[in-house]
Amino acid sequence: MELIDIVDENGNFTGQIMDKEEAHDKNLLHNEVAVFIINDNKQVLLQKRSANKRFNPNKWALCAGHVDTGESLESAALRELKEEVGITTKELKPFAEREFTIRDSNSHITYFYYVKSNLDENDFVIQKEELSEVKWFDLDKVIDMIKSKDETIVFKEERIHLFEQLKNL
């Protein structure tokens, strides 16, 4: 059981704590974090979500996850980096504005961060329950995939600006 805090439309804690799956089933707003891992070659590390994931199985995505109850946003981002790809860092930086995703299920507020890494794909220690592989993608390639509505990635057109901003880091 993974307990998360339910938040209001401003991201403020409502006092409600709930199992993640129940929050999804009831479509209650909660906080999530996403971390862009970038290298010096203007590439972003994407991870292929495992086949058993409830949302977007077998699709390329960012290192991301829920903020556990009582956990800070930054702590959640650092935990996800360690759990999913084996990165421990003190160089985590906030990135972009928070993003609201309101839909029929899994409505959430995403807070973005980035970290630089020049590890080889084979040097990441991946969490097999969460993902099946990691791969470096050129930023322009990801943008092209989004524009062509490639079904192998989770990103939609409203996220293109984030990948464009990464080019300036």
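This text follows the structure it describes.
Below, the structure is looked at part by part. Here the structure is a predicted model, which means the values were calculated and not measured.

**Some details on the overall build of the chain**
1) Next: Looking only at helices and strands, the chain features 4 helices and 10 strands.
2) Next: In sequence order, the chain lays out its α and β elements as β-β-α-β-β-β-β-α-β-β-β-β-α-α.
3) Next: Rg of the C-alpha trace for the chain: 15 Å, near the compact-globule value of 15 Å for 169 residues, within the 12% margin.
4) Next: Counting only C-alpha atoms and orienting by the principal axes, one finds that the chain spans roughly 45 × 35 × 30 Å.
5) Next: Here the chain holds 169 residues, and 49% of them are scored as buried.
6) Next: Long-range pairs, those at least 24 residues apart, make up 61% of the contacts in the chain between residues at least 6 apart in sequence.
7) Next: In the structure as shown, the chain presents an accessible area of about 8900 Å², 46% of it carried by carbon and sulfur atoms.
8) Next: In the chain, 23 positive and 34 negative side-chain charges are present, and the distance between their average locations comes to 3 Å.

**Some points on the side chain of E71**
1) Next: With respect to the helices, strands and loops of the structure, E71 is situated in the loop between β6 (63-66) and α2 (73-85).
2) Next: The class for E71 is buried, based on a relative accessible area of 19%.
3) Next: At 2.8 Å, the side chain of E71 and the side chain of R79 are in polar contact.
4) Next: Ignoring sequence-local partners within four residues, the contact set of E71 consists of H66, A76 and R79.

**Here's the deal with the environment of V7**
1) Next: Position of V7 relative to the elements: it lies in strand β1 (residues 3-7).
2) Next: Residue V7 is classed as buried on the basis of its relative accessible area of 6%.
3) Next: Counting along the chain gives 105 residues from V7 to F112, while the straight-line C-alpha distance between them is 17 Å.
4) Next: Apart from the residues lying within four places of it in its own chain, the contact partners of V7 are N12, F13, T14, L29, H30, N31 and I109.

**Some details on the packing of aromatic side chains**
1) Next: Within this structure, the stated rule accounts for 7 aromatic pairs.
2) Next: Taking 5.1 Å as the distance between ring centres and 70° as the angle between the ring planes, the aromatic pair formed by W60 and F137 counts as edge-to-face. One end of the pair, W60, is in strand β5 (residues 60-61); the other, F137, is in strand β10 (residues 131-138), with 77 residues separating them in the sequence.
3) Next: On the accessibility criterion, W60 (8% relative accessible area) is buried.
4) Next: By the ring-pair criterion, three or more aromatic residues cluster together here, those being F36, F95, F112, Y114, F155 and F163.

**Looking at the pattern of salt bridges**
1) Next: Evaluation of the coordinates by the stated rule reveals 16 salt bridges.
2) Next: In this structure, E21 engages K20 in a salt bridge whose closest nitrogen and oxygen atoms are separated by 3.9 Å.
3) Next: Bridged by salt links that share partners, the residues E2, K20, E21, D25 and R54 form one connected network.

The rules behind each value
Along each chain, residues carry numbers from 1 onward, in the same order as the chain's sequence is written. For this predicted model, a pLDDT threshold of at least 70 governs which residues receive local features, and a threshold of 80 or more governs which side-chain atom pairs are given and counted, while totals over whole chains, interfaces and linings are taken from all residues. As a convention, hydrogens and water are excluded, and side-chain values are obtained from all of the structure's heavy atoms. Strands are runs of DSSP state E lasting at least 2 residues, helices are runs of H or I lasting at least 4, and numbering of each runs from the N terminus. Computation of the radius of gyration draws on C-alpha atoms, with the globule rule given as 2.2 Å multiplied by the number of residues to the power 0.38. The buried label goes to any residue with under 20% of its type's maximum accessible area, the exposed label to any with over 50%, and the partly exposed label to all in between, with areas taken from a 1.4 Å probe on protein chains only. It only takes one pair of heavy atoms within 4.5 Å for two residues to be counted as in contact. Surface accessibility follows the Shrake-Rupley procedure with a 1.4 Å probe radius. Residue values consider only the protein chains on display as shielding. The convention is simple: Lys and Arg are positive, Asp and Glu are negative, and His and the chain ends are not counted. By convention, charge coordinates are those of NZ in Lys, CZ in Arg, CG in Asp, or CD in Glu. Counted as a polar contact is a pair of N or O atoms within 3.5 Å, where, for protein atoms, one must be capable of donating a hydrogen and the other of accepting one, and residues adjacent in sequence contribute only when both atoms are in side chains. Two aromatic rings, drawn from Phe, Tyr or Trp (for Trp, its six-membered ring), form a pair once their centres lie within 6.5 Å of each other, and the interplanar angle then sorts them: stacked below 30 degrees, edge-to-face above 60, tilted otherwise. We define a salt bridge as a contact between a side-chain nitrogen of Lys or Arg and a carboxyl oxygen of Asp or Glu at a distance within 4 Å.

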